[in-house]
Amino acid sequence: YQRRVRGRESRPMEATAPSATAHYSLVSPGAKDDAPAMACTFSPNDGLTGCAITDVEIEPVPLASIVGSVVCFPSWALSFFCLEPKEEAAVLHCGKLTSMEKQPGCHCRSPCGILVNKISTKQRVDDLPTQKVADGNGNPVMVSAVLNYRVSDSKRALMNVQNVHTFVSTNAQATLKQTVGRYSYDQLKSVAETVNEEMRTTLQSLVQCAGIEVNSIRLNDLSYAPEVAASMLKIQQARALIQARELIVEGAVRISQDAVLRLEESDAVQLDAATKAKIVTNILTVTCGESNAVPTVSLQT
């Protein structure tokens, strides 16, 4: 696309401050000067990328609908509709949004050309299916999440997107993949709360145009993919074994040092260097060995 401002082709956009909002039009390369252009608004504060969605404005009931309702008086019997608690509706006449009903109960509107779209504002939970994602180290992991959200702006939810729940679910799955791909498996386990908050913030900026409030999105299942699970399990076992050995050796050294110091302080026996080395060796052998120690007595004749 080429950018055109006031019927003339503009120069490439120059960098502006991060808080600025850019307004310009998009037209095809072969468009005439009087051809309509698509207005676009880019703002770093709205959390949206691409053309911002313009909200639908409420308009008066069309005259044709009023006249048709008067002429076809019996059609008023079909003009009633009811709303349950935590349910809202958008009322359209001849394709134009004429009112938003948010109070529960029975409502009556001009029946000719009427269309009532209802939506629930109750809290909704969505179990995102398990997906295979490459983590920050490139290892395939199986991950799923639980999403909690609700409709906070019914007009946006009904008028700005085709199906609000599909819209939220699709964006949530994409957000889950992108966020998990920036962390390693160990990080996803250790900083789960940070990952959850990052996903919630990212998803909220994507679904704000649909009138959705994201309460939380949390990792549910997290495991290595079957093709690498056995290998990664061996790596984890090796790491655990090394850590256990380090802890055992550190404890054995501390025990042997304490034993020698106590024997010297008691003055019960006189220890030379060879005896100390033998005591330390025996303690380390007994403490660090995997099998039970077997005492051996040296007999001299």
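Structure report, in brief. Along each chain, the written sequence defines residue order, and numbers are assigned to residues from 1. Per-residue local features of the predicted model are confined to residues with pLDDT of at least 70, and side-chain atom pairs are confined, for both listing and counting, to 80 or more; whole-chain, interface and lining totals are unaffected and use all residues. The side-chain numbers reported here are obtained from all heavy atoms of the structure, hydrogens and water having been left aside.

What follows is about the sheet that holds strand β7 (residues 96–101). One open sheet holds the three strands; their spatial order is β7-β6-β9, and the pairing between them is antiparallel. If you trace the sheet from one side to the other, it starts and ends with β7 and β9 (114–120), each paired once. Sheet twist, expressed as the mean angle between neighbouring strand axes with direction ignored, is 25°. Strands pair, by our definition, only if DSSP identifies at least two bridges between them. Only DSSP runs of H or I covering at least 4 residues are called helices, and only runs of E covering at least 2 are called strands; the numbering of each starts at the N terminus. Here an angle of 0 to 180 degrees is reported between the N-to-C directions of two axes, which are lines fitted to C-alpha atoms, with helices fitted over the stretch in contact.

Further remarks concern the sheet that holds strand β10 (residues 124–134). In spatial order, the strands read β10-β11-β12; together these three strands make up an open sheet with antiparallel pairing. The strands lining the two open edges of the sheet, one partner per strand, are β10 and β12 (212–224). Between one strand axis and the next, the sheet turns by 20° as a mean value, whatever way the strands run. Inspection of the sheet shows strand β11 (residues 140–151) paired to β12 by ten bridges, in the antiparallel sense.

What follows deals with the pattern of salt bridges. What makes a salt bridge here is a side-chain nitrogen of Lys or Arg within 4 Å of a carboxyl oxygen of Asp or Glu, nothing more. Enumeration according to the criterion identifies twelve salt bridges in this entry. For arginine 218, the salt bridge goes to glutamate 193, with nearest N and O atoms at 2.7 Å. Note that arginine 218 is positioned in strand β12 and glutamate 193 in helix α5 (residues 192–207), a separation of 25 residues in sequence. In this scheme, a residue with accessible area under 20% of its type's maximum is buried, one over 50% is exposed, and one in between is partly exposed, where area comes from a 1.4 Å probe on protein chains only. Since its relative accessible area comes to 38%, arginine 218 is described here as partly exposed. For glutamate 250, the salt bridge is made with arginine 254, and the minimal N-O distance between the two is 3.2 Å. Taken together, the residues glutamate 250 and arginine 254, both in helix α6 (residues 226–266) and four residues apart, mark about one turn of the helix. By sharing partners, the salt bridges in this structure join Asp55, Asp153 and Arg156 into a single network.

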